[in-house]
Amino acid sequence: MYSPFHQLRKPVSQQNALENVSEFPAHLVPGRTIAAAAVNEDSCEFGSPKYFALCGLGGIISCGLTHTLVTPLDLVKCRLQVNPAKYKNLINGFKVTMADEGARGLAKGWAPTAIGYSIQGLGKFGLYEYFKILYADLLGEENAYYWRTSLYLAASASAELFADIGLVPLESIKVKIQTTPGFANTLREAVPKMLQQEGVSAFFKSLVPLWMRQIPYTMMKFACFERTVELIYAHVVPKPRADCSKGEQLVVTFAAGYIAGVFCAVVSHPADTLVSKLNQEKGASSVDVLKKIGFGGLWKGLGPRIIMIGTLTALQWFIYDSVKVALSIPRPLPPAPPKAKSE
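How each quantity is defined
Residues numbered from 1 in each chain as written. Predicted model: local features only at pLDDT ≥ 70, side-chain atom pairs only at ≥ 80, totals over all residues. Heavy atoms only, no water. Helix = DSSP H or I, 4+ residues; strand = E, 2+ residues; numbered from the N terminus. Buried < 20%, exposed > 50% of the residue type's maximum accessible area, 1.4 Å probe, protein only. Contact = heavy atoms within 4.5 Å. Areas by Shrake-Rupley, 256 points an atom, 1.4 Å probe, with all protein chains shown as cover. 1 Å grid on protein atoms, 1.4 Å probe; cavity = no way out; pocket = protein on both sides within 12 Å on 5 of 7 lines; lining within 4 Å. Points joined across faces, edges and corners; volume = space filled by probe spheres on them. Nonpolar A, V, L, I, M, F, W, Y, C, P; charged D, E, K, R; others polar. Phe/Tyr/Trp six-rings, centres within 6.5 Å; stacked < 30°, edge-to-face > 60°. Lys NZ or Arg CZ within 6 Å of the ring centre and 35° of its normal. Axes fitted to C-alpha atoms, helices over the stretch in contact; angles between N-to-C directions. Parallel < 35°, antiparallel > 145°, perpendicular 65-115°, else oblique. Left-handed = near helix turned anticlockwise from the far one by under 90°. Expected span 1.5 Å × (residues − 1). Patch = residues over 30% accessible without salt bridge, like charges linked within 9 Å, V, L, I, M, F, W, Y side chains within 5 Å. Salt bridge = Lys/Arg side-chain N within 4 Å of Asp/Glu carboxyl O. Polar contact = N/O pair within 3.5 Å; in protein donor to acceptor, adjacent residues only side chain to side chain. pLDDT = per-residue confidence, 0-100.

**Quick word on the overall build of the protein chain**
Now for step 1: Check the secondary structure of the protein chain and you find 14 helices and 2 strands.
Now for step 2: Buried residues in the protein chain amount to 52% of all 343 residues.
Now for step 3: Within the protein chain, contacts between residues at least 6 apart in sequence are counted, and of these 76% link residues at least 24 apart.
Now for step 4: Summed over all atoms, the accessible surface of the protein chain reaches about 15,300 Å², with 65% contributed by carbon and sulfur.

**Brief notes about empty space enclosed by the protein**
Now for step 1: Taken as a whole and judged by the stated rule, the model has 2 cavities of 30 Å³ or more.
Now for step 2: Reported here for the largest cavity is a volume of approximately 340 Å³.
Now for step 3: Every element with two or more residues in the lining of the largest cavity is listed here: α6 (110-139), α10 (207-235), α11 (246-280) and α13 (302-326).
Now for step 4: Tallied by class, residues from the lining of the largest cavity come to 12 nonpolar, 2 polar and 9 charged.
Now for step 5: Each pocket or cavity is described by its volume, and for the second largest cavity that value is around 150 Å³.
Now for step 6: Around the second largest cavity, the lining is made up of 20 residues, and of these H67, Y117, R213, M308 and I309 lie nearest the centre.
Now for step 7: Elements with a contribution of two residues or more to the lining of the second largest cavity: α4 (71-82), α6, α8 (148-179), α10 and α13.
Now for step 8: At 5 residues, α13 tops the list of elements feeding residues into the lining of the second largest cavity.

**So, the packing of aromatic side chains**
Now for step 1: Per the counting criterion, the structure on display carries 17 aromatic pairs.
Now for step 2: Plain terms: the ring middles of F254 and F318 are 6.3 Å apart, the flat faces sit at 85° to each other, and that makes the pair edge-to-face. Taken together, the residues F254 in helix α11 and F318 in helix α13 connect sequence positions 64 residues apart.
Now for step 3: Take F254: its relative accessible area is 33%, and that puts it in the partly exposed class.
Now for step 4: The interplanar angle of 65° and the centroid separation of 6.1 Å between the aromatic rings of F295 and W299 together place this pair among those described as edge-to-face.
Now for step 5: Overall, F295 belongs to the exposed group, its relative accessible area being 61%.
Now for step 6: Exposure remark for W299: the relative accessible area of 30% places this residue in the partly exposed category.
Now for step 7: We note K176 situated over the ring of F183; from NZ or CZ to the ring centre the distance is 5.3 Å.

**Observations concerning the packing of α8 against α10**
Working note: a packed helix pair is described by the angle between its axes plus the distance between those axes.
Now for step 1: The interhelical angle for the contact between α8 and α10, taken along N-to-C directions, is 140°, at an axis separation of 7 Å. Comparing the axis directions of α8 and α10 gives the class oblique. Between α8 and α10 the crossing geometry is right-handed.

**Description of α4**
Now for step 1: In a regular helix each residue adds 1.5 Å, so 12 residues correspond to 16 Å; α4 covers 16 Å between its end C-alpha atoms and thus fits that length.
Now for step 2: Within α4, 11 of the 12 residues are buried, leaving the element largely enclosed by the surrounding structure.

**Remarks on a nonpolar patch on the surface**
Now for step 1: On the surface, L57, I61, L65, L69 and L327 cluster together to form a nonpolar patch covering roughly 410 Å² of accessible area.
Now for step 2: Along the chain, the position of L327 falls in the loop between α13 and α14 (339-342).
Now for step 3: L327 sits in the partly exposed class, given a relative accessible area of 33%.

**Some details on the side chain of R213**
Now for step 1: One can find R213 in helix α10.
Now for step 2: A polar contact of 3.1 Å, which involves the side chain of R213, links it to the side chain of E171.
Now for step 3: Residues in contact with R213, not counting those within four places in the same chain, are Y117, E171, S268, A271, D272, V275 and R305.

**Quick look at the confidence of the model for the protein chain**
Now for step 1: Confidence in the prediction of the protein chain, expressed as mean pLDDT, is 84, and 86% of residues score 70 or more.
Now for step 2: Under a pLDDT of 50 for its full length, residues 1-40 has, in the predicted model, 72 contacts with residues more than four places off or in other chains.

**Here's the deal with unusual backbone geometry**
Now for step 1: Here S328, not a glycine, exhibits a phi torsion of approximately 55°, which is positive.
Now for step 2: Summarising the element assignment, S328 is placed in the loop between α13 and α14.
Now for step 3: The exposure class of S328 is partly exposed, given its relative accessible area of 29%.

**Considering the side chain of T71**
Now for step 1: Examined against the element boundaries, T71 turns out to sit in helix α4.
Now for step 2: On the basis of relative accessible area, T71 is assigned to the buried category, the value being 2%.
Now for step 3: With sequence-adjacent residues up to four places away left out, T71 is seen in contact with L106, A107, K108, G109, W110, T113 and Q178.

**Side note on the packing of α4 against α13**
Now for step 1: Here α4 crosses α13 at 155°, and the two axes come no closer than 9 Å. In terms of orientation, α4 lies roughly antiparallel with respect to α13. Taken as a pair, α4 and α13 cross one another with a handedness that is left-handed. Between α4 and α13, the contacting residues are L73, D74, K77 and L80 on the first element and P304, R305 and M308 on the second.

Structure follows, in structure tokens:
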């Protein structure tokens, strides 16, 4: 089978440079360099099919694990969005849920969450790395550096477009279980009921609102993270990343991830509320929901979501970077101006 990944081969001049010099270019965006000695420790070639596969594995672990761990918080957040009369705030939401369903009630929807966000993580991180290199190659070295924020935004949007197609059926099941009392308690119970009541469309009717939520979220998640990492190393950390220990680098990753997560939560929250309401109300359209809840209703549950998404995003980047370290996946240094411009 043809794979577009096969296009991403290093130029011959780059391969020859390995034999002749102590440093060679290995671009996340052009301008990044890593020592030749370090390359021998990598488990794969940067930009190779194995590189993308391992990045996808890191995405599966980081997204699947973190989303599953915060299932109780996500459940209460969804109920705040769809039934604010009953669930007044975050603390009250936990108390009411515990009183109605016990501690086990807080875990409702964990299975579709784990499966759905593992699929999404595979596409989100694996395809982001692919599109980032593809677009950098199309732009050329100088443009890729000076337009790197736009590059990050375009690559992350492209990746999320495909990742959400895998997520949406499981997200629909999860929200239905969490927000419709008495409908179903498990994945196996929910799927046949949804098929019987609404057909296959039940699993895909919220795809466009999901794109509206996830694409801005992911664009902010990756672009803000990448630029925040640059700023932290440039203005906060007193030494270059190459001189930092792996533990120090992971601390920077967590801090940048949390900052990015706060912005992610705000820009994607209205669409998140829309997704929750659509999956709660049988046969409703986006326009119907907007008319019913109004603009103010789109912002219900923002506080819990900032806490959830900030922590979630920080942990995802921390786990993803930890997987890269553990599996010796190439981790290029923060971008620097092309040499011709910096000399």
